[in-house]
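For reference, the chains in residue letters:
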Amino acid sequence: MANSIAMAKKFIPLLDEVYRTVSLTAKLDGAPELARQGANANELIVPMIEMQGLGSYDRNSGYVSGEVTMTNETVKCNFDRGRMFTVDNMDNAETAGLAFGRLASEFIRTKVAPELDAFRFASYCGKSGITKKGETLSDGAGVLAALRTATNAMDEAEVPMEDRHLFITPTLDGMIADLDTTKSREILARFASKTLVPQTRFYTSIKQNDGHTEGQEAGGYTKADDGQDLNFMVIHKPALIQFEKHVAPKIVTPAQNQDADAYKYGYRNVGIADVYKNKLAGVYASHKPAAK
C-alpha cells in the first residue's frame, strides 16, 4: 500500500503539470470557488445575479426601491470521458519505469488535452444565441477585417474589453504577421491574449467516439459531419461556465491487481463547457462556410 501512495505522489502532480502546459483552453477555467457541488455527481451549482436599473430620484421620497435577485442555478456536466490502460510489470521494469511514466504523460498530452480543447470550442459554438459567421479568409487584410467586425460586435453589445481572448489558427495568424503593419498590431492589442489553435482542435462541431462500438474502438474525436473548420474565436472569459469537477488519474499496482501482474492506469475527466445565458454576446466565432 505504501508503494501505491508513493506512486500517486510521484505521477499525479506530473499529470496536472502536463495538462496545464498543453491545454490551450486551460486559461478559461473558472474560479473553483464560483461553483459548488450539485446534488448529483454530474451537477454543479452556479450563482446567477439579476438586478433592476436606475429609477428617478425624488427629493421628497428619496430613492426608488430596487430589487436584486441572486439564485443558484444547477447545470449538468457535459464532458465525462475516461480510459483504462494496462502495462505489464516486466515491461515496465525492463524499461526502468519509462513505460508507465511515458504512457501517463503522453496520454494527457496527445489525447486528453486536444479532445478537451476541441470539445470546449465546439460546445461554445453550438450554444444557441452566440454570434457565428461563415466566411472565407484568404489573406491578412481579410483576417484583420474579420477581427475588426468581431470586436465591433462585442463593443456594440457592451461586452467588457478586459479579459477578451483570441483563439486563431496558425495559418491565419501567419497571414496577419506577413502584413507587419501598425493596423494589425492595433487590432491584436485589443485582446488580453492570443492563442494559436491547430485546425485539428478547432471545429464548430465534433463527434466523440465511445471506444467500444465497431469503428469507434480508437476513441477520441473527429470533426462532425455537419462541422466546419473554425477560423478564429473571440471569447470573453466571464461569459463561460468552464469547470473541471472531477479529474481522477487512478494507479493500480501489480500487487493490487487481482487479474494480472501489471500496472493499471485509469483516467477520468468530468467537467462542463457552457455559456451563461445572459452573456452570449461574449462568444464570437468565425468559421469557414459549409461545403455546398
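Above this text sits the structure in question.
Because the structure is predicted, anything quoted here is derived from the model rather than measured. (Residues numbered from 1 in each chain as written. Predicted model: local features only at pLDDT ≥ 70, side-chain atom pairs only at ≥ 80, totals over all residues. Heavy atoms only, no water.)

**Brief notes about the sheet that holds strand S7 (residues 193-196)**
Part 1 of the argument: The five strands lie next to each other as S5-S13-S10-S6-S7, forming an open sheet whose pairing is mixed. A strand with exactly one partner marks an edge of an open sheet, and here the two such strands are strand S5 (131-134) and S7. Strand after strand, the sheet turns through a mean of 15° between neighbouring axes, direction not considered.
Part 2 of the argument: Bridge count for strand S10 (residues 230-236) against strand S13 (residues 283-287) is five bridges, and the pairing is antiparallel. Along S13, the bridge assignment pairs Met233 with Ala285. (Pairing = 2+ DSSP bridges. Helix = DSSP H or I, 4+ residues; strand = E, 2+ residues; numbered from the N terminus. Axes fitted to C-alpha atoms, helices over the stretch in contact; angles between N-to-C directions.)

**Some thoughts on the packing of helix H4 (residues 140-156) against helix H5 (residues 170-179)**
Part 1 of the argument: At a minimum axis distance of 8 Å, the contact between H4 and H5 shows a crossing angle of 105°. For the element pair H4 / H5, the angle class is roughly perpendicular. Together, Gly140, Ala141, Val143, Leu144 and Leu147 of H4 and Leu172, Met175, Ile176 and Leu179 of H5 make up the contact between the two elements.
Part 2 of the argument: Residue composition of the contact of H4 with H5, grouped by class: eight nonpolar, one polar and no charged. (Parallel < 35°, antiparallel > 145°, perpendicular 65-115°, else oblique. Contact = heavy atoms within 4.5 Å. Nonpolar A, V, L, I, M, F, W, Y, C, P; charged D, E, K, R; others polar.)

**Section: the sheet that holds strand S4 (residues 79-88)**
Part 1 of the argument: Strands sit in the order S4-S12-S11 across an open sheet of three strands; the sheet is antiparallel. A single partner strand is all that each edge strand has here, and the edge strands are S4 and strand S11 (240-252). Taking each pair of neighbouring strands and ignoring which way they run, the sheet shows an average axis angle of 10°.
Part 2 of the argument: Taken together, the twelve bridges between S11 and strand S12 (residues 262-275) define a ladder with antiparallel strand orientation. Within S12, the residue paired with Val252 across the bridge is Lys264.

**Concerning H4**
Part 1 of the argument: Across its 17 residues, H4 extends 24 Å between first and last C-alpha, which sits within 8% of the 24 Å expected from 1.5 Å per residue.
Part 2 of the argument: When H4 is considered as a whole, its buried residues turn out to be Gly140, Val143, Leu144, Ala146, Leu147, Ala150, Thr151 and Met154. Around the axis of H4, the buried residues are gathered within 160° of arc, so they sit on the same side.
Part 3 of the argument: Its buried side turned inward, H4 meets strand S6 (164-168), H5, helix H6 (182-188), S10 and S13.
Part 4 of the argument: Phi turns positive one or two residues past the end of H4, at Glu158, with a value near 65°. (Expected span 1.5 Å × (residues − 1). Buried < 20%, exposed > 50% of the residue type's maximum accessible area, 1.4 Å probe, protein only. Arc of directions from axis to C-beta.)

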